[in-house]
Each structure stands twice: as structure tokens, then as C-alpha cells.
Amino acid sequence: MWDGVGDALQESGYASVALDLRGHGLGDKPDSGYDFDTVCDDVVGVLDHLSIDRAVFVGQSWGGNVVVHAAHRHPDRVIGSVAVDGGVIELGRVFPDWDDCERRMAPPRLAGMRAGRLESAVRATNDDWPETGIIGSLSNFEFHDDGTISPHLTFDRHMLILRELWSHRPSELFPRIDRPVLFLPADSGDVAWTRDKEAAIDRAVASLKKGRAHWFRPAHHDLHAQHPRRCADVL
């Protein structure tokens, strides 16, 4: 889903590396290790493998919380962190009871859906996206010979990530982060949800030593897929 951003960055003379975090895409899919410390260590391991000393860390949604966590855990490797419609997610404050969060936030079980139905739905609900975003969204799934699909991120592993996200408290890290953090939040048009997000972003920026926000209005949660060039320009 980052290919459009990567292409635009390359055209502007900036190198970028996109990786599938554990459980996602074509990456390894262990049944454990989805806590934030381990996932951040995975990312740093990629830098080590590619002999990259430091980088700007960019992540979306849960990945936004990951890159904020990385700024705290690995400040020597993070030039700055950019959280795309994420970084301030604290599900445990919205759902004090895990069972309630599990019930309300569980993803749909899409394994077995017909591939054509999936593609039609993606295109119909994102008709203002460039083709890179559409292909990127479809690339979250494995396409089988029998014409069905299944998510690369399985339901069980998705729930492991959700459980870790439920207990994550980035607000407790903000005062201890020295690296710059940029938030790219999306205004989806949901007034109540956007108001809560604005309040969370304002608190985060006030708590950070070097924090700021650049809003995308209006925009989808996957604004990097919807507006790749605008996203790349801000980066």
C-alpha cells in the first residue's frame, strides 16, 4: 500500500524501504512476538541487514504506534517518526474491558470470499484512489487457485496485535521521546471521531519535545494509499 508513496519519494530523490511487519504480507508469520518491543526490534533488524544507520520511521494506524514506540526504544536509529493516522491509539482507554474491545474491534472474517467480490468492493468504496492504492489494498490478500482469497494477516494474529494495541500507552512515552514526531491524521468526516482525534493529537504535540501535526482533510484512514503524492510531499 506504500508503493505510490515510494514512487513519489523516488521521483523527488529520496530512497525508501517498505517492509512487511511480522504476520503481514510476505513476511514471516510466527504465532508470537507481536508486542511493540519485538516489532520495533524487527524494524531495526532490517536496518542492520541493509547497513542503514538511521532512518525516518513511517507507519500507519497500528504502525503509527510502532514508529512512536521505536522513537522511544531506539532513538539512536530514528531520525524522526511519522505516524500516519495513528501514533496516539490507546484502545484501552476507549474500551476499559478487553472482552468488549475484542468483540467490538475484531476484523471481519474474509477468508473464503470470492476474489472478484473483494476487488469490486475495494474499487466501489475507494473510487477516488489511484491504482497504486487499489492494488496495494488487494495485496493484503492471498489469491487462491479456486478463486477465493484469504488475508495475509490471519484472524488469530490480527487479534494478537489488537491485544497488544489495547494495552499500549504511547501518551506515557511522549514526554520521554527526544526525536521529532510528526502526526499525519485523517479527517474522515465523522465529526465526533475527528473531535476526539484532534484532542488526542493536541495532547500528544503538547507532551512531545518536538511534535507537530499535518492534517489531511478530508481523507481516508489509509491516506497514504488515497493520496500518495501528497503524503510523499509532506514526508
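Data block above holds the structure.
Residues numbered from 1 in each chain as written. Predicted model: local features only at pLDDT ≥ 70, side-chain atom pairs only at ≥ 80, totals over all residues. Heavy atoms only, no water.

(A) A look at the sheet that holds strand β1 (residues 55-60). Ordered in space as β1-β2-β5-β6, the four strands form an open sheet in which the pairing is parallel. The open sheet has two edge strands with one neighbour each: β1 and β6 (211-213). Mean inter-strand twist for the sheet, computed between neighbouring axes without regard to direction, equals 15 degrees. In this sheet, strand β2 (residues 78-84) lies alongside β1 in parallel orientation, the contact comprising six bridges. In the sheet register, G59 faces β2, and the bridge partner there is A83. Along the sheet, helix α10 (residues 191-207) contacts β5 (181-184) and β6; its crossing angle with β6, the most-contacted strand, is approximately 150 degrees. (Pairing = 2+ DSSP bridges. Helix = DSSP H or I, 4+ residues; strand = E, 2+ residues; numbered from the N terminus. Axes fitted to C-alpha atoms, helices over the stretch in contact; angles between N-to-C directions. Contact = heavy atoms within 4.5 Å.)

(B) Structural detail: the packing of aromatic side chains. Under the definition given, this model contains two aromatic pairs. Note on F174 and F183: the rings are 6.1 Å apart at their centroids and 85 degrees apart in plane angle, and the pair reads as edge-to-face. Across the pair, F183 and F174 agree in class, each one buried. Over the face of the ring belonging to F155 we find R109, whose NZ or CZ atom lies 3.6 Å from the ring centre. (Phe/Tyr/Trp six-rings, centres within 6.5 Å; stacked < 30°, edge-to-face > 60°. Buried < 20%, exposed > 50% of the residue type's maximum accessible area, 1.4 Å probe, protein only. Lys NZ or Arg CZ within 6 Å of the ring centre and 35° of its normal.)

(C) Just helix α6 (residues 115-125), in detail. Among the residues of α6, A115, L118 and V122 are the ones counted as buried. Around the axis of α6, the buried residues are gathered within 65 degrees of arc, so they sit on the same side. Seen from the open side of α6, the exposed residues pointing more than 90 degrees away from its buried face are R117 and A124. (Arc of directions from axis to C-beta.)

(D) Local environment of the side chain of S137. Relative to the assigned elements, S137 resides in helix α7 (residues 131-138). Aside from chain neighbours lying at most four places away, what touches S137 is M1, V122 and W129.

(E) Structural view of the pairing of β2. Counting buried positions along β2 gives six out of seven residues, so the element sits mostly inside the fold. In this fold, the crossover linking β1 to β2 by way of helix α3 (residues 62-73) has right-handed handedness. With four bridges joining them, β2 and β5 adopt parallel strand pairing. Paired with A83 across the bridge in β5 is F183. (Right-handed = clockwise from strand over helix to strand, strands pointing away.)

(F) View of the packing of helix α5 (residues 98-105) against helix α8 (residues 155-167). Two elements in contact, α5 and α8, have axes whose closest approach is 11 Å; the angle formed by their N-to-C orientations is 130 degrees. Judged by the angle between their axes, α5 and α8 are oblique. For the pair α5 and α8, the sense of crossing is right-handed. Of the residues in α8, those touching α5 at W98, C101, E102 and M105 are M159, L162, R163 and W166. Class assignment of the residues belonging to the contact of α5 with α8 gives a composition of six nonpolar, no polar and two charged. (Parallel < 35°, antiparallel > 145°, perpendicular 65-115°, else oblique. Left-handed = near helix turned anticlockwise from the far one by under 90°. Nonpolar A, V, L, I, M, F, W, Y, C, P; charged D, E, K, R; others polar.)

Everything listed is a geometric property; what it means functionally is a separate question.
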